[in-house]
Amino acid sequence: MAMTIHVDIVSAEQEVYSGLAEMVFAPAELGEVGIAPRHAPLITKLKPGEVRVKLNDKESLAYYVSGGLLEVQPDVVTVLADTAIRAKDIDEAAALQAKARAEEMLSDKSGKYDYAVAQAELAEAVMQLRTLERLRKRGS
Amino acid sequence: MAVGKEIRGKIASIKNTQKITRAMEMVAASKMRKTKDRMQATRPYSKKISQIINHLAYANPEYKHPFMIKREVKRVGLIVISSDRGLCGGLNANLFRKVLNEMQEWKSKDIEVDICTVGGKAANFFSIINAKVIGQVSKLGDIPHQNDIIGVIKIMLDAYASGEIDELFVVSNEFVNTMTQRPVIEKLLPVVADKDDDSLRGTWDYLYEPGAKEVLDHLLTRYVESMVYQGLVENNACEQAARMVAMKSASDNAGNIIKELQLVYNKARQAAITQEISEIVAGAAAV
């Protein structure tokens with residue numbers, strides 16, 4: 001049997017996933033990281049994006065996180081997400097809407113909107129959509 | 001019949017009171033279910049983050065964050081979480097008594113206390129006893145948001161960072177079960193391992209991305225926020241449970257009083273009837 005690592009994904013509202021996995025991929029601030037069992041201890045911030053939990057060669061789970069923290073101990077990975085949603089549950093319409101809204105805000109140069117807020121919102125919406133697309137490609 | 005008019009009035013007024021307490025009991029029961037769910041939903045997060053903090057305390061970090069260094073204690077910060085409303089038994093009173101005891105102890109050691117209050121009852125209480133309140137937030141409602149308490153937490157964290165306070169505690173009620181709530185004082189800062197023993201300390205350190213300071217700043221702030229928030233939602237559940245129990249015993253008491261008064265009233269009425277009959281009989285006999 002392949003080596004496994006215990007994975008806990010919790011968001012501020014609930015426990016999202018807890019169980020064993022072969023590998024975990026997460027969107028760290030300096031680029032995506034892949035955590036295999038016996039990884040060196042690590043703490044990093046997360047960007048909005050997809051956390052993938054590879055259960056075995058065939059199965060893997062995908063979650064969308066809007067940012068948070070990742071802690072790695074040799075045998076435990078903990079993802080503290082600000083919000084985490086099962087990727088399947090992302091409401092595509094809501095994501096598209098948010099994206100449109102953010103783009104509109106960015107194009108509006110009248111200075112009514114906070115540029116940084118709009119950019120963060122856009123990044124989040126785009127990441128949600130990308131997670132969905134990737135999931136769909138894998139499914140078909 | 002004019003017998004026992006006052007008693008009847010009293011019974012009616014107690015019945016009204018009982019209606020109110022019974023309604024409050026039922027409202028509190030349904031609210032308790034919701035607040036309890038909310039408390040349980042946020043528990044995993046605060047549990048995990050305190051686990052990570054504990055790991056961190058046992059690590060041997062190259063960069064020592066100010067929040068992790070023990071200092072000589074001259075002044076402590078307290079975040080006291082209470083309910084906004086009363087009528088919930090001894091919930092708040094017990095909490096404040098615990099705080100007062102601690103404060104006395106600190107005072108005997110010449111340690112001063114700064115207080116931030118969450119909830120209306122704490123704000124009232126600590127302004128009455130002239131404690132030094134440096135931050136205050138209340139009227140958070142049944143669904144508190146994390147944003148609501150960021151203000152008081154920032155005050156405390158800034159005070160800690162600038163060296164004004166040397167320890168930070170959070171005080172709130174712990175939800176044991178529906179019948180029991182326990183006031184607890186928990187130390188948040190500085191973060192030190194449970195057993196402060198260097199031999200237990202690992203020789204390893206985390207990798208920090210992007211930088212140790214940035215990550216630890218974020219992590220420790222999140223830690224304090226989530227612990228205070230957890231205290232708040234837990235205190236909310238306690239408040240509803242305590243109110244439910246208090247209102248239940250109030251309704252029961254009202255029921256007992258009504259029963260007793262009814263008995264007195266019936267006796268008086270019976271006595272009046274008996275007297276009337278014996279008067280009539282005596283009158284008839286005299287004729």
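Here we take up the overall build of chain B. Scanning chain B for helices and strands turns up five helices and six strands. The order of α-helices and β-strands along chain B, N terminus first, is α-β-α-β-α-β-α-β-β-β-α. In summary, chain B has a C-alpha radius of gyration of 28 Å against a globular reference of 19 Å for 287 residues, an excess of more than 25%. Dimensions along the principal axes, computed over C-alpha positions, put chain B at roughly 115 × 40 × 35 Å. Looking at chain B residue by residue over its 287 residues, the buried ones come to 44%. By sequence separation, contacts in chain B at least 24 residues apart represent 79% of the contacts at least 6 residues apart. When the accessible area of chain B is evaluated, it comes to approximately 15,200 Å², of which 54% is carbon and sulfur surface. A distance of 10 Å separates the average location of the 39 positive side-chain charges in chain B from that of its 34 negative side-chain charges.

So, on to a nonpolar patch on the surface. All names here are of chain B. Together, L100, I128 and I129 give the surface a local cluster of nonpolar side chains, amounting to about 260 Å² of exposed area. Structurally, I128 is set in helix α3 (residues 120-128). Owing to a relative accessible area of 66%, I128 belongs among the exposed residues under this scheme.

A word on the confidence of the model for chain B. Residue and element names in this part refer to chain B. Per-residue confidence for chain B averages 89 on the pLDDT scale, and 96% of its residues sit at or above 70. When the elements of chain B are averaged for pLDDT, strand β6 (residues 207-209) gives the smallest value, 84, and helix α2 (residues 91-108) the largest, 94. Two numbers describe this predicted complex: its pTM, 0.82, and its ipTM, 0.71.

Residue and element names in this part refer to chain B. Between helix α1 (residues 5-58) and helix α5 (residues 212-286), whose axes approach to 5 Å, the crossing angle comes to 160°. When the interaxial angle is binned, α1 and α5 end up roughly antiparallel. Judged by the twist between their axes, the crossing of α1 over α5 is left-handed. For the contact of α1 with α5, the residue count by class is 31 nonpolar, 13 polar and 12 charged.

This part takes up the side chain of D8(A). Within the element layout of this structure, D8(A) appears in strand β1 (residues 5-11). The exposure class assigned to D8(A) is buried, which follows from its relative accessible area of 4%. The contacts of D8(A), once residues within four sequence positions are left out, are E15(A), Y17(A), S18(A), V76(A), V77(A), T78(A), V79(A) and K48(B).

Attention now moves to the interface of chain B and chain A. Each partner contributes to the interface: chain B provides 21 residues, whereas chain A provides 25 residues. Buried area between chain B and chain A, both sides added, is near 2,100 Å², and the carbon and sulfur share of it is 69%. Scanning the region where chain B abuts chain A turns up two salt bridges. Residue D8(A) is joined to K48(B) by a salt bridge in which the shortest nitrogen-to-oxygen separation is 3.1 Å. On the surface where chain B and chain A come into contact, there are six residue pairs in polar contact (both at pLDDT 80 or more). At the level of elements, α1, β6 and α5 of chain B are the ones that each hand at least two residues to the side of chain B that touches chain A. Here the element with the most residues in the side of chain B that touches chain A is α1(B); it accounts for nine residues. In terms of residue class, the side of chain B that touches chain A is built from 13 nonpolar, three polar and five charged.

Residue and element names in this part refer to chain B. Position of D166 among the secondary structure elements: in the loop between α4 (146-161) and β4 (167-175). Judged by its relative accessible area of 7%, D166 is buried. At 3.3 Å, the side chain of D166 and the side chain of R71 are in polar contact. If sequence neighbours within four positions are ignored, D166 has contacts with R71, E72, V73, K74, R75, Y160 and P190.

Residues and elements named next belong to chain B. Spatial strand order, β3-β2-β1-β4-β5: five strands in an open sheet with mixed pairing. In this open sheet, the two strands that pair with only one neighbour each are β3 (132-137) and β5 (181-189). Going across the sheet, the axis of each strand differs from the next one's by a mean of 20°, ignoring polarity. As paired elements, strand β1 (residues 75-81) and strand β2 (residues 112-118) share seven bridges and run parallel to each other. Paired with I79 across the strands is C116, a residue of β2. Running over the sheet, α3 touches β1, β2 and β3 and is turned about 150° from β2.

What counts and how
- Residues numbered from 1 in each chain as written.
- Chains lettered and ligands numbered in written order.
- Predicted model: local features only at pLDDT ≥ 70, side-chain atom pairs only at ≥ 80, totals over all residues.
- Heavy atoms only, no water.
- Helix = DSSP H or I, 4+ residues; strand = E, 2+ residues; numbered from the N terminus.
- Rg over C-alpha atoms; globule rule 2.2 N^0.38 Å.
- Buried < 20%, exposed > 50% of the residue type's maximum accessible area, 1.4 Å probe, protein only.
- Contact = heavy atoms within 4.5 Å.
- Areas by Shrake-Rupley, 256 points an atom, 1.4 Å probe, with all protein chains shown as cover.
- Lys, Arg positive; Asp, Glu negative; His and termini not counted.
- Charge placed at Lys NZ, Arg CZ, Asp CG, Glu CD.
- Patch = residues over 30% accessible without salt bridge, like charges linked within 9 Å, V, L, I, M, F, W, Y side chains within 5 Å.
- Salt bridge = Lys/Arg side-chain N within 4 Å of Asp/Glu carboxyl O.
- pLDDT = per-residue confidence, 0-100.
- Axes fitted to C-alpha atoms, helices over the stretch in contact; angles between N-to-C directions.
- Parallel < 35°, antiparallel > 145°, perpendicular 65-115°, else oblique.
- Left-handed = near helix turned anticlockwise from the far one by under 90°.
- Nonpolar A, V, L, I, M, F, W, Y, C, P; charged D, E, K, R; others polar.
- Buried area = accessible area lost by both parts, 1.4 Å probe.
- Polar contact = N/O pair within 3.5 Å; in protein donor to acceptor, adjacent residues only side chain to side chain.
- Pairing = 2+ DSSP bridges.

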